[in-house]
Amino acid sequence: MNNSFGLFKQAFAESDMYRSIFEHHPDAIYVMNKEGHLIYANPATEVITGYTFEELQTLKLRDLSANREEGRVSSFVHAMNTENKLTFKLEIVSRAGKQIILSITHVAIEQNGERLGFYAIATDITEQEQQSRKWREHEKLYRSLFDYNPAGILSFDTKGHCLSVNPQMEAMTGYSESEVSAQPYSDFFTPESSLLLEQRFEYALSGHSGNFEAQILAQDGLPIDVNMTSLPIIVDGQVLGVYMIALDITDWKKQMQRSREQTDQYTSILNAVSEGIFEINREGRSVFINQAGARMLGYEIEEFRNVYNHDLIHHSHSDGSVYPIEECPIHLSIREGVAKEVTGEVFWRKDGTSFLVQYRVNPLFEEGEPAGAVVVFKDITSEEEIIRQKNEAQRALSAKTRFLSLMSHEIRTPLGGVLGMAELMQSTEMTPDQRDYMEVLLLSARGLQSIVDRILDFNAAESGVLHFEKKEFAVQRLIEEEVGAFYTQAQAAEVNLSLKIAENFPSKLIGDPGKLRQILVALVGNAIKFTPKGEIEVIAEYMIRPLQDLEGLTHYVLKVEIRDTGIGIPIDKIGLLFQPFSQIQTLTLDRRYEGTGLGLAICKRWIERMGGAIWAESEEGVGSVFSFTLPMLGKR
């Protein structure tokens, strides 16, 4: 055995490869025979123990051990001789008297099944052990605070590995302490929080505390919003790790989000109203103003905040004299806690101009004490101007109505005489030329009479002095008669005029037959006038509403369409169709299309006064479609 071991020793000592590795290794590496005699030790062994190799050969394990109990050392020696591999901690005393804690691993050396000795690696863990002892002492001291704290707490060593979590953190995340032990802090947080966590962790290791918001990942993968406090763990002036204390603020953040959404909604509502709204605090400084208010006063919203409101917009009366703040209804409302409504004062704009306002002041309260006021105001300058212009327009309309009525009647009286005399003259003997002259005179007089009648009709429609009949009449026959009256005129113009009446069309309806007759005459007459050739189709339809009046009559809606293939109307002129005195085709210089420009305007006013509607569709060069509806009553 000695020879075998001697060969092993010689081979070990002469191997350059092993020698290079062992001699430069920072841990102590040594080899002993089975009797416990030291046969090799690297330089690190001498550095750690302070003894030379020769001195170490003369020492027993018991001589180096800080705990010199024979039984404890003997148990180590026995275990080394019986176990193939053994790891244990041993506290030794260096030559300088310093206590050193070593983590030692012994591995048996065997040849042909026979144990020759063992080699060992000893690592100096003195610093780690001392830190661990301090940690345990510190943890014992604060364990109760740690375990029963309502906040979740994690503790990490200086490398960022989790050492412990308290029960509240387990409940918050769903993880047990055993599941998170030794895990890095980055595993506990969302990726978005990683950079901030790294910065805060390093800041805590430098001895400083900090507070921040982050998101912890629960066991189910859902993020938890937390308010984190990072604290250095300091024992005897040395930072041993980091505490992270987490308060769950998920519900609070949801409430804040709801609050922000409600605030945004309220702000949107306030900005949507046309009245100006602003708030001032008890000191009289502006807190808020909506967009309408800022626009009326000429300020940007930010400019209006935190400034003395009275000095800004209410400093003077309308005559320029000073308005003492003690007399200002806004500040009186705050002091007295009573709402006030004021009309006829002025607010001053940023550019120095003023405008007439009506405003209401509502005081605000905190714990029963006035804390400010909300003021709702509107510019009534424009309202007074509108009222003035409306009154002027009504006076002008009334004057125009009286003038047109007077002139029409003044023209109608002598015109009646002209027509009467002309008709009498026709019954006398006249030369052919005189008869031609008389026919021109009658035609012109009747045309003038038609114009006067239309002016009177329009004047009545404008002034609202209209009477609509409500009687039963044969509506289908009326339509057929009025369209039929134009057949001769249409044939003369080489226009094909047709009438299409819907099946089961009601024979009688209740309404104003006279107005319906005049409307049909105007619309069909226009279609023939503006259709040099082609076709005109009149379509009469009806609808029944699911309603009945008190007398059991059915509600009908009469619909009439007049379609033509005439000259059409330019798209940009459609809007002028129903305006009084407007003539769409005046630019053509064709006198065939001239007229008073009142026919469609009168039709529109009559139809609308009877509860109906009229509209037109047209394409220039293709034709037009005029449609109207009238509500009527009838029996089914």
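The structure this text deals with has already been given above.
Residues numbered from 1 in each chain as written. Predicted model: local features only at pLDDT ≥ 70, side-chain atom pairs only at ≥ 80, totals over all residues. Heavy atoms only, no water.

A. Expanded view of helix H18 (residues 475-484). Within H18, burial applies to Val475, Leu478, Ile479, Glu482 and Val483. Buried residues of H18, viewed axially, fall in a sector of 120°; they line one side. (Buried < 20%, exposed > 50% of the residue type's maximum accessible area, 1.4 Å probe, protein only. Helix = DSSP H or I, 4+ residues; strand = E, 2+ residues; numbered from the N terminus. Arc of directions from axis to C-beta.)

B. Looking closely at the sheet that holds strand E14 (residues 354-366). Pairing in this open sheet of 5 strands is antiparallel, and the strands run E12-E11-E15-E14-E13 from one edge to the other. Of all strands in the sheet, those with a lone pairing partner are strand E12 (286-289) and strand E13 (340-348), marking the two edges. Neighbour-to-neighbour, the strand axes of this sheet turn through a mean angle of 30°, independent of strand direction. Across 3 bridges, strand E11 (residues 276-281) lies against E12 in antiparallel orientation. By the bridge assignment, Ile280 is partnered in E12 with Ser286. (Pairing = 2+ DSSP bridges. Axes fitted to C-alpha atoms, helices over the stretch in contact; angles between N-to-C directions.)

C. Representation of empty space enclosed by the protein within the structure. Here the structure, examined in full by the defined rule, presents 1 cavity of 30 Å³ or more. By volume, the largest cavity amounts to about 40 Å³. The wall of the largest cavity is formed by Leu154, Val165, Met169, Glu170, Thr173, Tyr175, Val180 and Phe188. Examining the composition of the lining of the largest cavity, we find that 3 residues originate from one element, helix H8 (residues 167-173), more than from any other. Its residues placed into classes, the lining of the largest cavity shows 6 nonpolar, 1 polar and 1 charged. (1 Å grid on protein atoms, 1.4 Å probe; cavity = no way out; pocket = protein on both sides within 12 Å on 5 of 7 lines; lining within 4 Å. Points joined across faces, edges and corners; volume = space filled by probe spheres on them. Nonpolar A, V, L, I, M, F, W, Y, C, P; charged D, E, K, R; others polar.)

D. Region of the structure containing unusual backbone geometry. Of note, Glu367 is a non-glycine position whose phi angle comes to about 55°, a positive value. Tracing the backbone through its elements, the reader meets Glu367 in the loop between E14 and strand E15 (369-379). For Glu367, a relative accessible area of 85% puts it in the exposed group. Positive phi outside glycine occurs at Asn504, with the angle close to 60°. As for its position among the elements, Asn504 is in the loop between strand E17 (495-501) and strand E18 (509-511).

E. Structural detail: the packing of aromatic side chains. What the rule picks out here adds up to 11 aromatic pairs. Summarising the aromatic geometry, the rings of Phe347 and Phe377 are spaced 5.2 Å apart at their centres and angled 70° between planes, so their arrangement reads as edge-to-face. Taken as a pair, Phe347 in strand E13 and Phe377 in strand E15 lie far apart in primary sequence, 30 residues in all. You'll find Phe347 and Phe377 in the same group, each marked buried. Put simply, the rings of Phe278, Tyr299, Phe304, Phe347, Phe355, Tyr359 and Phe377 pair up and form one aromatic cluster. A cation sits over an aromatic face here: Arg285 above Tyr308, 4.2 Å from the ring centre. (Phe/Tyr/Trp six-rings, centres within 6.5 Å; stacked < 30°, edge-to-face > 60°. Lys NZ or Arg CZ within 6 Å of the ring centre and 35° of its normal.)

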